Each structure stands twice: as structure tokens, then as C-alpha cells.
Amino acid sequence: MKFSLFAPTIDDVKLILDDKEIDMDKQSDGRFICTVDNIFNGDHKYKFRIKKKNGFEKCALFRSENGKEYHEEFHWKYDQIKLPENKQLVLYEMFVQDFADNGQFSGVINKLDYLVELGINAIELTPIMGIEEAENDTWGYLPSHFFSIRSSYGTKNDLKLLVDECHSRKIRYYKGKHHPDDPYNWGPELNYDFQDQQLKVEPAVKFISDVVKYWFEEFHLDGIRFDAAKQMDNFEILGRLDRLARSIRSDQLFLSQAEYVPENKDICKENGGPVDVCWSASFHHWLTGFLTLNKDQMTKHGTLSDLKYSFSSKNLVNYLSCHDNERLLHDIGKKDSDAFIRMETAVIHLFTSVGIPMIWQGEELGEDRQIDVLKDKKKHYPMPWNFLQKDFNRRLFNLFQNLIKLRRSNKDLQEGPINFFFEDENNRILAYSRGLNLIIITNFDQKPKLKYIISNLPQQGKWIDYLTNEQVDVDQVNNLTLTLLPFQSRLFIKHI
């Protein structure tokens, strides 16, 4: 059996196999290798002893059968099912530990039908690589073992079964300091620019390429998200990793994302960049500013032009909240009729804006517990499934479900243009259409608007409120008279 370790900057490495020390030979490409014969069947413990100033060892286990490493077989059943196109996606950000009742992949499988009922067709996991359990969890963003699964989540075949079961339901599945003045510092950075001239190898590039290759070959994933892309600061390497992952899953649709704070549209392929889409912190930022109860925030969080940018920008992933910030309902600060109106407005814009919508797990249930993202990342926040028994929360779930259904069935929402046909900065009224048969009118002000006239609507005649079935009439000069509550949004479909 052959053992291999890529360590181009190290001079001496030994394999410790079941407490037996074995010399390893360094190759010209920076790898250390050795071959061990006559390994008996069963479980074995091994580690690499690396000699350097601050030497360290990492332990691992493997199972041997007939002189080879044993891998439990897995038969993919649903690998060829046609999955939804990128423009049709509704993403669901998930932290396995909190989403599943048992904190494992098997628990996620048990809830897949719930996600189908909600309308989700793509799951985006926070990192699932092996971590040192004693460390600050940070949603899995401090991996220690890049080629292994977090042990508490289950086995390799548990993850494979989860991916396969997702595909059976047409759910796609994703896995997820150059600027010293940047306030977002996520720890040590790999040096992708360094090339070992003697070995003719780029150590960091080879390492991360091997990581990407392993996860996509082994687990048949459908997309990749590059966290902290600004800290990577290397579009060329991002492009190489995108092409590598895409080549492995060439028979399926694929989506590559990057988190770049604040978002940088140049990172998107349509603008010559390396990935398909970029996360939009602005969408969360501006909507939160307009819809929260903090009056000071509302005055400093921008203008309608900022909202127009967020609603109309292509190739972005939009979200009301994610693992990096507090939930919108928490920031609103209450659960009453006024809070529901604000949430309804936020959800309407999430699913009628141009970018790809994403939900952070539990948002659809009305999750509003405070999560101090700087202090409480180790704390356990299990999904509040019992919230569905409460009227406010059930109505919120139904709202998400209805708007996801509209998003997935309406081609104008998936790929059509957006037209801002009315704007009143003084009264904070904004209206836009997606195609000719769907309009959104919103009062972003704290004051109601009584018998307010909106002009320049795309069509005359009867329109139906998608959520209430109320019918309104647009007159012969394309005006509509409406009464709008504070922070209320109305979504109308043309009556045909």
C-alpha cells in the first residue's frame, strides 16, 4: 500500500503506522512517498511525523482489506436526473449541526421533503470538513482536516446518500491578508502567488486543487462557494478552481459563487471574472436599514437608488440574512401585525428581484433568536420546528412558500428585465415591473399613504393582488390609486 504526503517545504517526513516508524522518500515534485507491504486486514492508525522547527503530527484511521485501503461501496441512483438551471434556483443556506434534529447528514435526509414542500431546489452547506471540536466553531469555517468529513456529521456514505437523495428530488447541492486595511479579517491566508522554483510547483495552488478535486470526485456536488474571495485576491486561481470543479461535474449543471465584501461585480463571469455569481451584502444591508424599527438606521441607510441597485443587479445572490449577521425578524424587534407587514415586504422583494434568492435556515419559520456572530458561534441553535404551531410563524412559512412557487413558475422573474416605472423619494414609494404582467409597489415610509396615485403602470385594466386576491383597476391614463400601510408592499398580477 502506498502512502503519500505533499510537503514541498519540508526536508524529512516519517510515516508512523500502528506505532511503527517508516522512512518516506522525497520526490522531485515535493511529495513524500513510501510503500508498505503485508498490511493485515482491519483498522489501522497512521500519522505523518514532520520534522521542522515546530514539528507536528496529525492522526488518521484507515481500514485495510487484501493489502489495499478499504472503501465502502456506494451506488449512485440519481446521478443523471436533470437538475434545475441556475436561473431557477432558490438557495437554502444550511448548518447541519443546527438544521438536523440529530445534527447529522441522516437527519437532513429526514427533512428533505420539508424543503421540497417549501419549494427549495438547492442546498448550500456551511463547511462540512473536519474540525478540531474544541475550537471556536464559526459555522464550520475553521477546518483542520481538508480531506475528511466532520466526524459528528456521519460517514462518507452518509454524505453521498444525502447528495443522492437531494438529486432524486431535483435539489442541487453545494459545499462552501492581502488587504491590511480591510475590516474583515478571516485569519491566515494561503499564498497562491508563491512558486517553488526548485521543484517547479505552486504549493498552495496544488493543495487547494487537490482539495477541490477530492470533494467533487468523491461526493458528486453541483456547485462551489469561495468564502472570503477578497482575501484570496486572485481571480486567476479562482478561475482555475472553477474550471477544475466544473470539469469533474461536466454532465450536470453547475454554479460557482464567491463572497466578496462589499460585492464586486467584476468577479462574475459576465464581466470577465472567474465565477458565476457573487454574494450581495448590499441587498441585506439596504433592506434591513429601510425595514427595521431603528429610526436612526433608516435615515442613514441610503436612498431609493440604493434599493434599486440591490433589486436590479444581475449575477448576485440575494439574502435577507445569513450566518454572518442577525436575522431580519430579530432586528425588527417584535412579532405583531406591523412586523409581519415588514417581513412580507422583505420576502416579496427577495423573490421578485433580479438576483438568485437565498434563505438562511429557519428564516421561513420566523426564527428571531439573537446570534452574536462575533461571540456565540459555538452556541447551538436547533431549528425551532415548533414555531409552525403558531399563527404568525405559519403565515410566514406560507408566505415564503407562495412566493417561491411564483418565482419558480414565472419566467419573467427568472430571466426578464426589471423596470422601475415609479419613484417618489420624498414619500419613499418605489414601484417596478418584471415583464408586463407583474408589478410590485412598496411604501418604505413609516407613514401610511392614503389614496396615493401611482402613475406609468405598464398596462391598463384589472390587476389581482397575488397574496390577497384583491382586485384593483388601472385607469385609462395608466394610474392606480392605492392606500398603502407603513412599510407595505403589494404584488399584483395582470388579470387576463
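Residues numbered from 1 in each chain as written. Predicted model: local features only at pLDDT ≥ 70, side-chain atom pairs only at ≥ 80, totals over all residues. Heavy atoms only, no water.

Draft legend 1. Just the overall build of the protein, in detail. Check the secondary structure of the protein and you find 14 helices and 26 strands. For 496 residues, the compact-globule estimate of 2.2 N^0.38 gives 23 Å, and the protein sits close to it at 26 Å. For the protein, the C-alpha atoms occupy an extent of roughly 85 × 45 × 40 Å along the three principal directions. Among the 496 residues that make up the protein, the fraction classed as buried is 53%. Within the structure as shown, the protein displays about 22,800 Å² of accessible surface, and the carbon and sulfur contribution to it stands at 47%. With 65 positive and 75 negative side-chain charges, the protein shows a spacing of 2 Å between the two charge centroids. (Helix = DSSP H or I, 4+ residues; strand = E, 2+ residues; numbered from the N terminus. Rg over C-alpha atoms; globule rule 2.2 N^0.38 Å. Buried < 20%, exposed > 50% of the residue type's maximum accessible area, 1.4 Å probe, protein only. Areas by Shrake-Rupley, 256 points an atom, 1.4 Å probe, with all protein chains shown as cover. Lys, Arg positive; Asp, Glu negative; His and termini not counted. Charge placed at Lys NZ, Arg CZ, Asp CG, Glu CD.)

Draft legend 2. Examining the packing of aromatic side chains more closely. In total, this model carries 23 aromatic pairs according to the counting rule given. Ring geometry for F147 and F207: centres 6.1 Å apart, planes at 80°, overall edge-to-face. Aromatic pair W215 and F219: ring centres 5.1 Å apart, planes at 35°, arrangement tilted. Remark: F219 and W215 occur in helix α5 (residues 203–219); sequence separation between them is 4 residues, near one turn of the helix. Considered together, W215 and F219 belong to a single accessibility category, that of buried residues. (Phe/Tyr/Trp six-rings, centres within 6.5 Å; stacked < 30°, edge-to-face > 60°.)

Draft legend 3. View of helix α4 (residues 156–168). Under the 1.5 Å per step criterion, the end-to-end length of α4 is 18 Å for 13 residues, consistent within 8% with the ideal 18 Å. Three or more residues of α4 are buried, namely N157, L159, K160, L162, V163, D164, E165, C166 and H167. Following α4 by one or two positions, K170 adopts a phi angle in the positive range, close to 60°. (Expected span 1.5 Å × (residues − 1).)

Draft legend 4. Representation of the domain arrangement of the protein in the model. In terms of domain boundaries, the protein breaks down into domain 1 (2–69), domain 2 (86–415) and domain 3 (418–494). Computed over C-alpha atoms, the centres of domain 1 and domain 3 are 67 Å apart. (Domains from an automatic or database assignment.)

Draft legend 5. Structural context of the pattern of salt bridges. Summed over all chains, the structure comprises 32 salt bridges. When the shortest N-O distance is used, the salt bridge between D23 and K14 registers 2.3 Å. The partner of E259 in a salt bridge is R225, and the shortest N-O contact between them spans 3.7 Å. Of this pair, E259 sits in the loop between β15 (255–258) and β16 (277–279) while R225 sits in strand β14 (residues 223–226), and the two are 34 residues apart along the sequence. Comparing E259 with R225 shows no difference in burial state: the two are buried. (Salt bridge = Lys/Arg side-chain N within 4 Å of Asp/Glu carboxyl O.)

Draft legend 6. Spatial organisation of the nonpolar core. With 102 residues, the main nonpolar core has Y92, L159 and W215 as its most contacted residues. It is α5 that contributes the most residues to this core, 9 residues altogether. Split by domain, this core shows at least three residues from each of two domains, domain 2 (86–415) and domain 3 (418–494). Ignoring any residue separated from it by four or fewer positions in sequence, one finds L159 in contact with F105, I128, I149, Y173, W215 and F219. Within the second largest apolar cluster, 17 residues are counted, among which are I10, L17, I22 and I39. (Core = buried A, V, L, I, M, F, W, Y, C linked by side-chain atoms within 4.5 Å. Contact = heavy atoms within 4.5 Å.)

Draft legend 7. Summary view of the environment of N110. Mapped onto the elements, N110 comes out in helix α2 (residues 105–110). The exposure class of N110 is exposed, given its relative accessible area of 63%. Residues N110 and D11 lie 99 residues apart in sequence; the distance between their C-alpha atoms is 49 Å.

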